[in-house]
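For reference, the chains in residue letters:
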Amino acid sequence: MFKPMRRFKQELSQEKCIEILKTEPRGVLSLIEENGYPYGIPMNHWYCEENGRIYFHGAREGQKINAIKANNKASYCVFDAGYRNEGEWALNISSVVAFGKIRLIEDAETAKKICVHLVKKFTDDEHYLQKELEAAFSRVQCLEFIPTHITGKLVNES
(Lines give C-alpha, C1' and ligand atoms only; values in the text may rest on other atoms or scores of the structure.)
Protein backbone atom coordinates (compact mmCIF):
# COMPACT_ATOMS: atom_id res chain seq x y z
CA MET A 1 0.00 0.00 0.00
CA PHE A 2 2.87 2.40 0.78
CA LYS A 3 5.55 2.84 -1.83
CA PRO A 4 9.19 2.34 -0.87
CA MET A 5 11.16 5.52 -0.36
CA ARG A 6 12.66 6.75 -3.61
CA ARG A 7 15.75 8.18 -1.93
CA PHE A 8 16.38 5.04 0.11
CA LYS A 9 19.94 6.05 1.07
CA GLN A 10 18.44 8.83 3.19
CA GLU A 11 15.92 6.56 4.88
CA LEU A 12 16.00 6.43 8.68
CA SER A 13 15.76 3.18 10.62
CA GLN A 14 12.53 2.45 12.46
CA GLU A 15 14.47 2.86 15.71
CA LYS A 16 15.56 6.38 14.72
CA CYS A 17 11.99 7.24 13.66
CA ILE A 18 10.68 6.13 17.05
CA GLU A 19 13.39 8.10 18.85
CA ILE A 20 12.35 11.26 17.00
CA LEU A 21 8.69 10.64 17.84
CA LYS A 22 9.61 10.14 21.50
CA THR A 23 11.86 13.18 21.86
CA GLU A 24 10.49 15.89 19.60
CA PRO A 25 7.65 17.83 21.24
CA ARG A 26 5.43 18.65 18.28
CA GLY A 27 4.55 18.06 14.67
CA VAL A 28 1.79 18.60 12.14
CA LEU A 29 -1.30 16.41 12.20
CA SER A 30 -2.91 16.17 8.77
CA LEU A 31 -6.53 15.21 8.36
CA ILE A 32 -9.08 15.19 5.55
CA GLU A 33 -11.91 17.65 6.08
CA GLU A 34 -15.56 16.98 5.42
CA ASN A 35 -15.23 18.96 2.17
CA GLY A 36 -12.31 16.78 0.98
CA TYR A 37 -9.61 19.38 1.58
CA PRO A 38 -6.51 18.50 3.60
CA TYR A 39 -6.24 20.11 7.02
CA GLY A 40 -2.86 20.31 8.77
CA ILE A 41 -2.55 21.57 12.31
CA PRO A 42 0.48 21.87 14.62
CA MET A 43 0.09 19.61 17.63
CA ASN A 44 1.97 18.55 20.74
CA HIS A 45 2.16 14.78 21.06
CA TRP A 46 3.15 11.90 23.30
CA TYR A 47 4.49 8.70 21.75
CA CYS A 48 3.60 5.70 23.93
CA GLU A 49 6.29 3.04 23.79
CA GLU A 50 3.97 0.43 25.32
CA ASN A 51 1.65 0.29 22.33
CA GLY A 52 3.38 2.33 19.59
CA ARG A 53 0.58 4.89 19.41
CA ILE A 54 0.70 8.67 19.34
CA TYR A 55 -1.58 10.74 21.55
CA PHE A 56 -2.81 14.32 21.34
CA HIS A 57 -5.21 16.57 23.20
CA GLY A 58 -7.28 19.58 22.21
CA ALA A 59 -10.74 21.06 22.29
CA ARG A 60 -13.83 18.85 22.31
CA GLU A 61 -15.26 20.53 19.22
CA GLY A 62 -14.09 22.32 16.12
CA GLN A 63 -12.58 21.74 12.71
CA LYS A 64 -10.19 18.99 13.85
CA ILE A 65 -12.93 16.97 15.56
CA ASN A 66 -15.27 17.39 12.57
CA ALA A 67 -12.55 16.17 10.22
CA ILE A 68 -11.82 13.10 12.37
CA LYS A 69 -15.51 12.22 12.52
CA ALA A 70 -15.77 12.54 8.71
CA ASN A 71 -12.63 10.51 7.91
CA ASN A 72 -10.39 8.69 10.36
CA LYS A 73 -7.36 8.49 8.06
CA ALA A 74 -4.51 10.78 9.11
CA SER A 75 -0.80 11.43 8.88
CA TYR A 76 1.55 13.03 11.36
CA CYS A 77 4.85 14.69 10.47
CA VAL A 78 7.59 15.44 13.00
CA PHE A 79 11.07 16.82 12.38
CA ASP A 80 14.06 17.61 14.55
CA ALA A 81 16.02 20.85 14.88
CA GLY A 82 18.71 19.54 12.57
CA TYR A 83 22.45 20.06 12.59
CA ARG A 84 25.16 21.60 10.43
CA ASN A 85 28.40 19.87 9.57
CA GLU A 86 31.39 22.01 10.42
CA GLY A 87 32.16 24.49 7.65
CA GLU A 88 28.83 23.93 5.86
CA TRP A 89 25.77 26.20 5.70
CA ALA A 90 23.24 23.50 4.87
CA LEU A 91 21.03 22.11 7.60
CA ASN A 92 20.61 18.34 7.95
CA ILE A 93 17.10 17.53 9.17
CA SER A 94 15.60 14.21 10.18
CA SER A 95 11.86 13.93 9.60
CA VAL A 96 9.30 11.25 10.31
CA VAL A 97 5.89 10.77 8.69
CA ALA A 98 3.43 8.35 10.26
CA PHE A 99 0.32 7.23 8.39
CA GLY A 100 -2.63 5.65 10.14
CA LYS A 101 -6.03 6.10 11.70
CA ILE A 102 -7.11 8.44 14.45
CA ARG A 103 -9.91 8.18 16.95
CA LEU A 104 -11.45 10.10 19.82
CA ILE A 105 -10.67 8.79 23.31
CA GLU A 106 -13.94 8.40 25.21
CA ASP A 107 -12.61 6.85 28.45
CA ALA A 108 -11.85 9.49 31.11
CA GLU A 109 -9.12 7.44 32.85
CA THR A 110 -7.27 6.92 29.57
CA ALA A 111 -7.67 10.60 28.70
CA LYS A 112 -6.24 11.64 32.08
CA LYS A 113 -3.23 9.35 31.59
CA ILE A 114 -2.63 10.93 28.17
CA CYS A 115 -2.88 14.45 29.58
CA VAL A 116 -0.42 13.62 32.37
CA HIS A 117 2.12 12.23 29.88
CA LEU A 118 1.70 15.25 27.59
CA VAL A 119 2.32 17.70 30.44
CA LYS A 120 5.29 15.68 31.72
CA LYS A 121 6.85 15.84 28.27
CA PHE A 122 7.20 19.60 28.81
CA THR A 123 7.55 20.06 32.57
CA ASP A 124 7.97 18.10 35.79
CA ASP A 125 6.09 20.78 37.75
CA GLU A 126 3.54 18.70 39.66
CA HIS A 127 1.69 21.79 40.90
CA TYR A 128 1.19 22.99 37.31
CA LEU A 129 -0.02 19.53 36.27
CA GLN A 130 -2.63 19.35 39.03
CA LYS A 131 -3.78 22.92 38.36
CA GLU A 132 -4.26 22.16 34.65
CA LEU A 133 -6.12 18.92 35.33
CA GLU A 134 -8.49 20.69 37.72
CA ALA A 135 -9.04 23.72 35.50
CA ALA A 136 -9.17 22.26 32.01
CA PHE A 137 -9.51 18.47 31.98
CA SER A 138 -13.31 18.57 31.64
CA ARG A 139 -12.92 20.52 28.38
CA VAL A 140 -10.21 18.32 26.83
CA GLN A 141 -10.65 15.81 24.04
CA CYS A 142 -7.82 13.30 23.72
CA LEU A 143 -7.01 11.61 20.44
CA GLU A 144 -5.28 8.32 19.64
CA PHE A 145 -3.32 7.96 16.41
CA ILE A 146 -2.71 4.34 15.45
CA PRO A 147 0.17 4.17 12.95
CA THR A 148 0.02 1.64 10.15
CA HIS A 149 3.19 2.88 8.44
CA ILE A 150 6.07 5.01 9.75
CA THR A 151 8.87 6.28 7.57
CA GLY A 152 11.62 8.82 8.00
CA LYS A 153 14.58 10.34 6.25
CA LEU A 154 17.57 12.58 6.72
CA VAL A 155 17.56 15.52 4.30
CA ASN A 156 20.45 17.88 3.56
CA GLU A 157 19.00 21.28 2.61
CA SER A 158 21.78 22.15 0.17
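All chains use their own residue numbering, which begins from 1 and follows the written sequence. In keeping with the predicted nature of the model, local features appear solely for residues at pLDDT of at least 70, side-chain atom pairs appear and are counted solely at 80 or more, and the whole-chain, interface and lining totals rest on all residues. To obtain the side-chain values, all non-hydrogen atoms of the structure were used and water was disregarded.

1. Re the overall build of the protein
Numbering of helices and strands runs from the N terminus; a helix is a DSSP stretch of H or I covering at least four residues, while a strand is a stretch of E covering at least two. For the protein, the helix and strand inventory stands at four helices and seven strands. Ordered by position in the sequence, the α and β elements of the protein form the string α-β-β-β-β-α-β-β-α-α-β. Relative to its full complement of 158 residues, the protein shows a buried share of 38%. Intrachain contacts of the protein at a sequence separation of at least 6 include 73% that bridge at least 24 residues. Here the open area of atoms and residues is found with the Shrake-Rupley method and a 1.4 Å probe, where only the protein chains shown may cover a residue. By element, 50% of the accessible surface of the protein is carried by carbon and sulfur atoms, the whole surface being about 9900 Å². This count recognises Lys and Arg as positive and Asp and Glu as negative, with His and chain-terminal groups excluded. Note that the charge is assigned to NZ on lysines, CZ on arginines, CG on aspartates and CD on glutamates. On the protein, the mean spot of the 22 positive side-chain charges and the mean spot of the 22 negative ones are 6 Å from each other. Think of it in three bands: residues with accessible area under 20% of the maximum for their type are buried, residues over 50% are exposed, and the middle band is partly exposed, with areas taken using a 1.4 Å probe on protein chains only. Residues count as neighbours in contact if any of their non-hydrogen atoms are within 4.5 Å of one another.

2. Quick notes on the packing of aromatic side chains
Note on aromatic pairs: the rings of Phe, Tyr and Trp (six-membered ring only in Trp) are paired at centre separations within 6.5 Å, and the planes decide the class, stacked below 30 degrees, edge-to-face beyond 60, tilted for the rest. Applying the stated rule across the entire model yields two aromatic pairs. Between Phe56 and Tyr76, the aromatic rings sit 4.8 Å apart at their centres with planes inclined by 75°, giving edge-to-face as the arrangement. Taken as a pair, Phe56 in strand E4 (residues 53-59) and Tyr76 in strand E5 (residues 73-79) lie far apart in primary sequence, 20 residues in all. Neither residue differs from the other here; Phe56 and Tyr76 are each classed as buried.

3. Here's the deal with the packing of helix H3 (residues 108-122) against helix H4 (residues 126-136)
At their nearest, the axes of H3 and H4 sit 10 Å apart, and the two run at 140° to each other. With respect to H4, the element H3 is oriented oblique. The interaxial crossing formed by H3 with H4 has right-handed handedness. When H3 is examined against H4, the residues Lys112, Cys115, Val116, Val119 and Lys120 are found in contact with a partner set consisting of Glu126, Tyr128, Leu129 and Leu133. Here an axis means a line fitted to C-alpha atoms, over the contact stretch when the element is a helix, while the angle between two N-to-C directions is reported on a 0 to 180 degree scale. Each angle gets one of four labels, with under 35 degrees taken as roughly parallel, over 145 as roughly antiparallel, 65 to 115 as roughly perpendicular, and the rest as oblique. Crossing handedness: left-handed means the near helix sits turned counterclockwise from the far one by under a right angle, and right-handed means the same turn made clockwise.

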